[in-house]
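So you can see what is in the structure, the chains are spelled out below.
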Amino acid sequence: AVVSTQSTGEPFKDTALSSLTYTAGLGTMVALGATAPDPAFTTMCTTFALAGICGYHTVWGVTPALHSPLMSVTNAISGITAVGGLLVMGGGYLPTNAVQTLAAAAAFVSFINIFGGFVITQRMLDMFKRPTDPPEHNYLYGLPAALFLGGYGYAASQNMADIHQMTYLASPL
């Protein structure tokens, strides 16, 4: 079921508001195109805009009862965008140009979405717990994560050549 947008009840006012929204969006696209420092920036903006449009229509086209499972599924997509953002950042600690700044922002927003998705998923799963269920100790999974991140940080600081490729391989685990 598609959730209807808020309507003021006045067709002219609703259409004018929608028209102004599209005008602002298209004007922003023209401004970004005119001031783009290089083709990579334009490509990233296009990809980001299309992802935003698809995400908007995906989320608003779902009934409220399905938002929690949808949030769980989007964690995988956010993981991909986080890794992609890190790759585009080029391995530096701070962004040095507009493309790396957008990549850092994409990675940051993806990490927020991933964390929020896990919190919402845990709340959803807690609704189905019975009083007789054994306690969970999921915090113990922080130990291998800390060991992995510490080992990666050490290897990267020692300039070990293939550590990044192996980290990409291990990160989904």
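Heads up: the structure comes first, above all this text.
Residues numbered from 1 in each chain as written. Predicted model: local features only at pLDDT ≥ 70, side-chain atom pairs only at ≥ 80, totals over all residues. Heavy atoms only, no water.

Draft legend 1. Inspection of the overall build of the chain at higher detail. If you tally the helices and strands in the chain, you get six helices and zero strands. Each helix (α) and strand (β) of the chain, taken in turn from the N terminus, gives the series α-α-α-α-α-α. Sequence-distant contacts, at least 24 apart, represent 55% of the contacts inside the chain between residues at least 6 apart. A total of about 13,300 Å² of accessible surface is found on the chain, and carbon and sulfur atoms cover 73% of it. (Helix = DSSP H or I, 4+ residues; strand = E, 2+ residues; numbered from the N terminus. Contact = heavy atoms within 4.5 Å. Areas by Shrake-Rupley, 256 points an atom, 1.4 Å probe, with all protein chains shown as cover.)

Draft legend 2. How the structure looks around the side chain of Gln100. Along the polypeptide, Gln100 turns up in helix α4 (residues 98-126). Gln100 sits in the buried class, given a relative accessible area of 15%. Beyond its immediate chain neighbours, meaning those up to four positions away, Gln100 contacts Val88, Met89, Leu94 and Pro95. (Buried < 20%, exposed > 50% of the residue type's maximum accessible area, 1.4 Å probe, protein only.)

Draft legend 3. View of the environment of Leu87. Mapped onto the secondary structure, Leu87 falls in helix α3 (residues 67-89). Spatially, the C-alpha atom of Leu87 lies 9.7 Å from that of Ala107, the residues being 20 residues apart in sequence.

Draft legend 4. Highlighting the side chain of Ser110. Tracing the backbone shows Ser110 in helix α4. Residue classification places Ser110 among the buried positions, given a relative accessible area of 7%. Side-chain polar atoms of Ser110 contact the backbone oxygen of Ala106, separated by 2.8 Å. Residues within four places of Ser110 in sequence aside, it is in contact with Ser78, Thr81 and Ala82. (Polar contact = N/O pair within 3.5 Å; in protein donor to acceptor, adjacent residues only side chain to side chain.)

Draft legend 5. Molecular detail of α4. For α4, with 29 residues, the first-to-last C-alpha span of 42 Å sits near the 42 Å given by 1.5 Å per residue. The complete set of buried residues in α4 reads Val99, Gln100, Ala103, Ala107, Ser110, Ile114, Gly116, Gly117, Thr121 and Met124. (Expected span 1.5 Å × (residues − 1).)

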